[in-house]
Amino acid sequence: MATLTHDQARAALVSVINAALAELDDPLELVVRDPRYLDVDRSEDFVRSQVVLVDGKVAEQGFLQGIPPTWDLEAMFVIGIEGLGGEDAARQAGFWPIRQAIVQTIADDFRLGGAVTYAQVRDFEPEDIKTPGLEISTLNSLTVAVQFVS
């Protein structure tokens, strides 16, 4: 397996998630590192959602001897599903297909097209975020752990 940078591991994850989101009845595109609501001036009767990916912590899993030496890394990527407008029940019901699409796609392609050692969806934990002061709702957030060699 080739070595990757953190940016390349993120790009592999984004590609897989965007493919899943494009298949939804109401297709969405992943917003990377921009945790803001979209289109806030639209009518409150209209439900709008976005899926945001934020870089999380990176942990060294092991040192791999070789020439050159490499590291086995596990990077956390926090995925937040956000929504505005409409009734609470309708907005929350719309989150389920999004979550399910992300979870199922990563379970089906846990190597992210062969780019990484593995990717796994986990429950979101606030300590997964490395950006101090960044607020992400725990209600509709997931963490994807991605292990790769760098």
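Residues numbered from 1 in each chain as written. Predicted model: local features only at pLDDT ≥ 70, side-chain atom pairs only at ≥ 80, totals over all residues. Heavy atoms only, no water.

A.B. asks: Mind showing me how you'd approach the nonpolar core here?
C.D. replies: Grouped burial of nonpolar side chains is what soluble globular proteins tend to show. Leu 13, Ile 17, Leu 21, Val 51, Ile 102 and Val 146 are the most contacted members of the largest nonpolar core, which has 31 residues in total. Contributions of two or more residues to this core are made by helix H1 (6-22), strand S2 (48-64), strand S3 (70-84), helix H2 (88-108) and strand S5 (141-149). Not counting the four nearest positions on each side in its chain, Ile 102 is found in contact with Ile 17, Leu 21, Val 51, Ile 79 and Leu 142. (Core = buried A, V, L, I, M, F, W, Y, C linked by side-chain atoms within 4.5 Å. Buried < 20%, exposed > 50% of the residue type's maximum accessible area, 1.4 Å probe, protein only. Helix = DSSP H or I, 4+ residues; strand = E, 2+ residues; numbered from the N terminus. Contact = heavy atoms within 4.5 Å.)

A.B. asks: Help me understand the side chain of Asp 55 in this model?
C.D. replies: By the secondary structure assignment, Asp 55 is in strand S2. A polar contact of 2.9 Å, which involves the side chain of Asp 55, links it to the side chain of Arg 10. (Polar contact = N/O pair within 3.5 Å; in protein donor to acceptor, adjacent residues only side chain to side chain.)

A.B. asks: What is the right way to read the side chain of Thr 143 from this model?
C.D. replies: As for its placement among the helices and strands, Thr 143 is situated in strand S5. With near-sequence residues (within four places) excluded, Thr 143 lies in contact with Met 76, Phe 77, Val 78, Gln 120, Val 121, Arg 122, Asp 123, Phe 124, Glu 125 and Asp 128.

A.B. asks: Is there a simple way to think about the pattern of salt bridges in this case?
C.D. replies: On inspection of all chains with the given rule, the structure shows 3 salt bridges. One salt bridge connects Asp 55 with Arg 10, and the closest N-O pair in it is separated by 2.9 Å. With a gap of 45 residues between them, Asp 55 in strand S2 and Arg 10 in helix H1 connect regions that are remote in the sequence. Summarising the burial analysis for this pair, Asp 55 and Arg 10 share the class buried. Measuring nitrogen to oxygen at the nearest pair gives 2.9 Å for the salt bridge that ties Arg 122 to Glu 74. (Salt bridge = Lys/Arg side-chain N within 4 Å of Asp/Glu carboxyl O.)

A.B. asks: Is there a simple way to think about the confidence of the model for the protein in this case?
C.D. replies: Regions with low pLDDT should not have their predicted coordinates read in detail. Of all residues in the protein, 76% have pLDDT values of 70 or greater, and the mean over the chain is 80. Element-level mean pLDDT values for the protein span from 78 in S2 up to 94 in H1. (pLDDT = per-residue confidence, 0-100.)

A.B. asks: In this structure, what is going on with the environment of Ala 119? I would like to understand it.
C.D. replies: For Ala 119, the location among the structural elements is in strand S4 (residues 118-123). Those residues in contact with Ala 119 that sit more than four places away from it in its chain are Ile 106, Phe 110, Leu 112, Val 144, Ala 145 and Val 146.

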